[in-house]
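# Secondary and tertiary structure notes
Now for the letters of each chain:
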Amino acid sequence: MTDDMIKLSDDFIAQMRHILPNECDALLEAITTTEPSVAIRVNDGRGISLSDDAVGRVPWCTTGRYLKERMPFTFDVDFQTGRYYVQDTSSMFIHHVIKHLVKEPVRYLDLCAAPGGKTTTAISALPADSMVVANEIMPARARVLHENIVKWGSPRCIVTNNAPHDLGKLHHFFDVVATDVPCSGEGMMRKDEEARNQWTPALVKQCATLQKSIIADIWQALRPGGVLIYSTCTYNREENEEMVAHIMEQYDAESVEIPVEADWHIHPAIDSPYHCYRFMPHRTNGEGLFMAVLRKPDDERRAELRAKKSKGAKAKAIPVPRGVDAWLENPKHYALSVANDEVIAIPADIAPLMPLFADLRVLQAGVTIGTVKGKNCVPSHALALSTALSSEAFAQSEVDYATAMAYMRGEAIVLPDAPRGYVLLTYHGKPIGFANNLGNRANNLYPKPWRVLSTHIPSTPPEIL
């Protein structure tokens, strides 16, 4: 290797030569000399689709396509409003897996969900009436997950910030559990210097121990006959094939085969009889990923959960402000309530299940449609981006690119032709958020933590969609 190549540890190279003796040189060359690919996945729930002749379509994900180069996504209004997600194509494989496995609405858990790529992929791939729970144990990462879920716009998702053990108490609740477990990150070495620097054989063993603990904690939450989607972004067998073997033996699981095309060049399991799918950069155009699907034995009788009784005295119910139900496209499909001055709309079929989450830290359930301020209700940014929004509920004001980016920077804007009061801002006819128009200026209601912080905004928008 030349001096300008990425440096890999001798221990890592020795590991790869052991498990991939005939392909090791090709893999190492791909890691050290080739550039990572760039891809996006469009939000079909918001009516976005790829044209039939879309260049660079991702073969295992109907909503994914490669880009020729990395774009300035931060300055794209479509990106900031969740009309597409920037995601490595290997991770998009879960779209194909779900489409093959799931044919009717399910309860779906993404256990280690931040930053939200695989969760939003699942939302798009699952049948329309599925319930999705996206969880992240780390608070800072959970906030990023929450932001991305809100931007994606589905009202059928619950975002939680809990340890796997806490969710494991939802006995036999989920039909599908996706576990993109913390790992040693070997599959990220091509584009992530930290992944290269932190890797040691000891880290591999530490991660494998944690992975076994996570599976043990969550297994009881999976219903009999349900499926576990196990994935990592690493190459070694200890965290991959050996972990699959552990789950098979420990829990009497069944290995599930997912049909794939030969020209996808997905690497099969290494020294394992089970169905495993490896994405490696010398074979597929993406980063390293391992995935396997395991079915839980269905000889147990499924235990149906009952709503828990509230502990202690019940809090006094706060009435929902009059008229806010009209902000929803189909208000009869939702149960509305007020909690901590926020008006929440939860799909009517999911609302009876919410008491089961009483002991969990819930960051988002359904869609927050507004915040009660005295006798008024201020519409929320989540509502503006939600598929539940009624397009007739608010006056709309179309803005140009400069105004849209000023709004997302948190600046005061002027809406000279808009009526006074709460106005839904649109860009190219699509909602981007709310402002309270006072006449000479408009109060900016864009969430402060989500503001674009760059001081330099390009004069013209990037052309991505």
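Data block above holds the structure.
Residues numbered from 1 in each chain as written. Predicted model: local features only at pLDDT ≥ 70, side-chain atom pairs only at ≥ 80, totals over all residues. Heavy atoms only, no water.

### Here's the deal with helix α6 (residues 139-152)
In a regular helix each residue adds 1.5 Å, so 14 residues correspond to 20 Å; α6 covers 20 Å between its end C-alpha atoms and thus fits that length. Taken together, the buried positions of α6 are A142, L145, E147, N148, I149, V150, K151 and W152. G153, located one to two residues past α6, shows a positive phi value of around 95 degrees. (Helix = DSSP H or I, 4+ residues; strand = E, 2+ residues; numbered from the N terminus. Expected span 1.5 Å × (residues − 1). Buried < 20%, exposed > 50% of the residue type's maximum accessible area, 1.4 Å probe, protein only.)

### Details of the sheet that holds strand β3 (residues 84-86)
Where strands meet in a sheet, backbone hydrogen bonds hold them as pairs that are either parallel or antiparallel. Here we have 3 strands laid out as an open sheet, ordered β2-β1-β3, and antiparallel in their pairing. Two strands close off the open sheet at either side, each with one partner strand: β2 (64-67) and β3. Pairwise comparison of adjacent strand axes, ignoring direction, gives a mean angle of 30 degrees for this sheet. Against the sheet, helix α5 (residues 117-125) makes contact with β1 (38-42) and β3, and its axis sits at roughly 40 degrees relative to β1, the strand it touches most. (Pairing = 2+ DSSP bridges. Axes fitted to C-alpha atoms, helices over the stretch in contact; angles between N-to-C directions. Contact = heavy atoms within 4.5 Å.)

### Examining the sheet that holds strand β19 (residues 430-437)
Spatially, β17-β18-β19-β20 is the arrangement adopted by the 4 strands of the open sheet, whose pairing is mixed. Sheet topology places β17 (395-398) and β20 (442-444) at the edges, where each strand pairs with a single neighbour. Taken over all neighbouring pairs, the strand axes of this sheet differ in orientation by 45 degrees on average, direction set aside. Pairing analysis gives 7 bridges linking strand β18 (residues 421-427) to β19, with the strands arranged antiparallel. Note on β19: the bridge partner recorded for L425 is G433. Most of the contacts of helix α12 (residues 401-408) go to β19, to which it runs at about 70 degrees, and overall it touches β18, β19 and β20.

### Looking at the packing of aromatic side chains
For the structure on display, the rule yields 16 aromatic pairs. Pairing F173 with F357 gives two aromatic rings, centres 6.0 Å apart and planes at 80 degrees, and the pair type is edge-to-face. You can see F173 sitting in the loop between α7 (164-168) and β7 (174-180) and its partner F357 sitting in the loop between β13 (342-347) and β14 (362-365), a full 184 residues away along the chain. Of the two residues, F173 and F357, both sit in the buried class. Between the aromatic rings of Y407 and Y446, the centroid separation amounts to 5.4 Å while the plane-to-plane angle is 70 degrees, which identifies the pairing as edge-to-face. With Y407 in helix α12 and Y446 in the segment after β20, this residue pair connects regions lying 39 residues apart in the sequence. Here Y446 falls in the buried class, since its relative accessible area comes to 3%. Put simply, the rings of W60, F93, W264, Y277 and F279 touch in pairs and so form one group of aromatic residues. Taking NZ or CZ as reference, R107 lies 4.3 Å from the ring centre of F173, over its face. (Phe/Tyr/Trp six-rings, centres within 6.5 Å; stacked < 30°, edge-to-face > 60°. Lys NZ or Arg CZ within 6 Å of the ring centre and 35° of its normal.)

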